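Here are the chains, one letter per residue:
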Amino acid sequence: MATVTTSSPVTLQPCKHTSRHGVARYCPSPLPWRRRRWSYGRMTTRATASSRGQPSATGGWVEAPAGVAAAAREEGDSIRRLQNGPDVRGVALEGEKGRPVDLTPLAVELIAESFGEWLREELQRPAGEELRVSVGRDPRLSGAWLSAALFAGLARAGCSVFDMGLATTPACFMSTTLPRFNYDASIMMTASHLPYTRNGLKFFTKRGGLTSGDVEEICDRAARKYVAGKMGFGGGGMPPVVMRVDLMSAYAQHLRDIIKQRVAHPAHYDTPLKGFKVVVNAGNGCGGFFTWDVLEKLGADTTGSLHLEPDGTFPNHMPNPEDATAMSLTRDAVLANGADLGVVFDTDVDRSGVVDGTGAAINGDRLIALMSAIVLDEHPGTTVVTDARASDGLTRFIASRGGHHCLYRVGYRNVIDKGVQLNTDGVETHLMMETTGHGALKENYFLDDGAYMVVKIVIEMVRMKLAGLEGGVGSLIMDLEEPAESVLLRMNIVGEPKYAKQRGTMAVEAFKEYIQEDKLSAGWVLDDCGDCSVGEGCLVDTNDHPIDVDAYMYRAKLYDENKGPVGMVHVRQSVHNPNIALNMQSYVPGGCKYMAMDLHKRFLLASGVNEFVDISEVEKFVK
């Protein structure tokens, strides 16, 4: 068997052990950044209390230098700060101004080991019993050497590692359910739409993605391991054994089978997309497989598809259905090739957007409306959960089709978990979608899968053609009322990154107080986002088992002197970056600028928030 070499410093060499699963096994050589092996075990109660003691040769405790202890704690905190809601995100490559590398191989190794330990406890598996964990990654340049660290950490936690190579985030979860794989858990290494210098981790068990609380626990455990290692607690560790598997072929077949079965084409069952033209823009991320292994194998013509080859520098545009360049290029390709549909995937394919045959972009509220129309036809009266940035027009669209709209906190995991919670409480909820393109369906394990969303849209496209309906899928949302204006501004939080979350919370809470205390112009009202078991701007969940808050946000509406609606503002601290997002929607021309001027004068300046938040984007907008 030939030696397989990655672009990282680690060489995967054939292992002498016999494979039990019919797949190749590889043993990485020792990791170059580890000059000594640490076991990073939990510190004893005595060591934790002192934060500096270590055992001497005689069994007593030796005081570590205070400076070493303080530095260790600070570096441990930097691992905790890698948590971004239900994910881990950080800077993996030099190149970002003011953002040093913090997602290091050592941090990844510790987090992976901590995940393995957490998983064993969660599944109540005794030590020594095999845990099978799959790993996938997007094409980012840092993926190869960080994967080696990930493998090492999982192995030290007693996990058998199955390397899927280039994969999608939804496929990682599906590796826990698809026959022949059925892994206990999976980790996807990706930073989604963020710059190529970033990377991160997404975690799955058979129950779905982890919660923010779960990831916080894992990162805290990893931070304590780091401190313990710095304090001199050491031990050995076995090199990892990594088994290569081809999961993406099975996942693509799974998607093809769904399309064939649900279309049930009367003339050509195995090629239901024969006669259709579909353009895919993968943005040089992981979505190219959908073109080759799904659409083309079902008979579709994919001429004109864009940026299908993976490239971790993303040279053309960021893979992102919200990206204006991505949507514009896809529109041009659809029109130039006379395609019936255009598809835009984000990097790891957990999000998508489409372009209809007329060249109209369908993302944001439009995509939610399209999916709502499809799902409500299948499940009349169902509830649709979205984040609170969705428009009132979308609420009316869903209601006009007999559905119910629950607005909830921003954050794809928040939206999905709310849908799970509603179903548990007996409220039929089949669709959960964030305005960024994350969409999950009850029928698909509550998994946010951009490819599965496109599968649903493709099936509808074929069914409409078979029924002789004109206009394509875009005709399903012709009556969606959209805001007159929509603006997104971002305000960076200045100062050290470790204080960003605290300062972001202060700024957002100050916004709430200024609304409640009538310190803005008359007509501002804090919005509870409707009757969705959530009050106070989507923060206070009144269910018996509330979902943890991972970022603070509030929504407010402005009414004129005649109590007519002017617009809506949603203010939130970002989970992924040290900034505050200001989303504004206006129902009248000029409304966004009017709201921004009032917020600038009577809140941002008057409150003193501008002392630690960069408001230059707002100032530029209001001039």
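From a predicted model like this one, the values you see are computed outputs, not experimental measurements.

Peer 1: What is the right way to look at the packing of helix 3 (residues 105-123) against helix 4 (residues 143-156) in this model?
Peer 2: For any two helices packed against each other, the geometry comes down to the angle between their axes and how far apart the axes lie. Close contact between helix 3 and helix 4 brings their axes to 7 Å; oriented N to C, the two are set at 35°. Of the two possible hands of crossing, helix 3 and helix 4 adopt the one that is right-handed. Contacts between helix 3 and helix 4 pair Pro 105, Val 108, Glu 109, Ala 112, Glu 113 and Phe 115 from the former with Trp 145, Leu 146, Ala 149, Leu 150, Ala 152, Gly 153, Leu 154 and Arg 156 from the latter. Across the contact of helix 3 with helix 4, the residue classes break down as ten nonpolar, one polar and three charged.

Peer 1: What's the story with empty space enclosed by the protein in this structure? I'm lost.
Peer 2: In this approach, a probe sized like a water molecule rolls over the atoms, and the result shows the empty space that is left. Enumeration according to the criterion identifies two cavities of 30 Å³ or more in this entry. In this structure, the largest cavity is lined by Met 491, Ala 507, Val 508, Phe 511, Val 571, Ile 580, Leu 582, Leu 599, Phe 603, Leu 604, Val 609 and Val 613. Only helix 14 (500-516), strand 29 (579-586) and helix 15 (591-605) provide two or more residues apiece to the lining of the largest cavity. For the lining of the largest cavity, a count of residues per class yields twelve nonpolar, no polar and no charged. At the level of secondary structure, the elements contributing two or more residues to the lining of the second largest cavity comprise strand 11 (198-205) and helix 12 (412-424).

Peer 1: Could you clarify how one ought to interpret helix 3 in this entry?
Peer 2: Owing to its 3.6 residues per turn, the α-helix aligns residues three or four sequence positions apart on the same side. Between its first and last C-alpha, helix 3 extends 27 Å over 19 residues, near the 27 Å set by a 1.5 Å rise per residue. The element helix 3 is extensively covered by neighbouring structure, given that 14 of its 19 residues are classed as buried.

Peer 1: Please clarify how the sheet that holds strand 14 (residues 278-281) should be interpreted in this entry.
Peer 2: In space, the four strands of this open sheet follow the order 14-15-16-17, with mixed pairing throughout. Edge positions in the sheet fall to strand 14 and strand 17 (361-362), since each has one partner strand and no second. With two bridges connecting them, strand 16 (residues 352-356) and strand 17 associate as antiparallel partners. From the neighbouring strand, Val 355 faces strand 17, where its bridge partner is Ala 361.

Peer 1: Just to check I follow, could you spell out the sheet that holds strand 27 (residues 553-559) for this structure?
Peer 2: The strands making up a sheet associate through hydrogen bonds between their backbones, and the pairing can be parallel or antiparallel. With antiparallel pairing, the five strands of this open sheet are ordered in space as 23-29-28-27-24. Unpaired on one side and paired on the other, strand 23 (485-492) and strand 24 (524-527) mark the two borders of the sheet. Along the sheet, successive strands turn relative to each other by an average axial angle of 20°, direction set aside. Sheet contacts for helix 15: strand 23, strand 24, strand 27, strand 28 (565-573) and strand 29; angle to strand 29, the most-contacted strand, approximately 140°.

Peer 1: Any chance you could explain the confidence of the model for the protein here in plain terms?
Peer 2: Low-pLDDT stretches of the model should not have their predicted coordinates read in fine detail. Mean pLDDT over the protein: 86, with 83% of residues reaching 70 or higher. Between residues 1-64, whose pLDDT stays under 50, and residues either more than four places distant or in other chains, the model counts 142 contacts. Contacts of residues 533-537 to residues separated by more than four positions or lying in other chains number 21 contacts, the stretch itself having pLDDT below 50.

Peer 1: Could you clarify how one ought to interpret the nonpolar core in this entry?
Peer 2: Across soluble globular proteins, you tend to see nonpolar side chains buried next to one another. In terms of nonpolar packing, the biggest core is built from 75 residues, with Tyr 251, Leu 255, Phe 289, Phe 290, Leu 341 and Ile 457 touching the most fellow members. With eleven residues, the top contributor of residues to this core is helix 13 (residues 450-466). Look past the residues within four positions of Tyr 251 in its chain and what remains in contact with it is Thr 168, Pro 170, Ala 171, Met 174, Leu 178, Phe 289, Asp 449 and Ala 451. Core analysis: the next-biggest nonpolar cluster, separate from the first, contains 38 residues, Leu 103, Ile 111, Leu 119 and Leu 150 among them.

Thresholds, definitions, all that
- Residues numbered from 1 in each chain as written.
- Predicted model: local features only at pLDDT ≥ 70, side-chain atom pairs only at ≥ 80, totals over all residues.
- Heavy atoms only, no water.
- Axes fitted to C-alpha atoms, helices over the stretch in contact; angles between N-to-C directions.
- Helix = DSSP H or I, 4+ residues; strand = E, 2+ residues; numbered from the N terminus.
- Left-handed = near helix turned anticlockwise from the far one by under 90°.
- Contact = heavy atoms within 4.5 Å.
- Nonpolar A, V, L, I, M, F, W, Y, C, P; charged D, E, K, R; others polar.
- 1 Å grid on protein atoms, 1.4 Å probe; cavity = no way out; pocket = protein on both sides within 12 Å on 5 of 7 lines; lining within 4 Å.
- Points joined across faces, edges and corners; volume = space filled by probe spheres on them.
- Expected span 1.5 Å × (residues − 1).
- Buried < 20%, exposed > 50% of the residue type's maximum accessible area, 1.4 Å probe, protein only.
- Pairing = 2+ DSSP bridges.
- pLDDT = per-residue confidence, 0-100.
- Core = buried A, V, L, I, M, F, W, Y, C linked by side-chain atoms within 4.5 Å.

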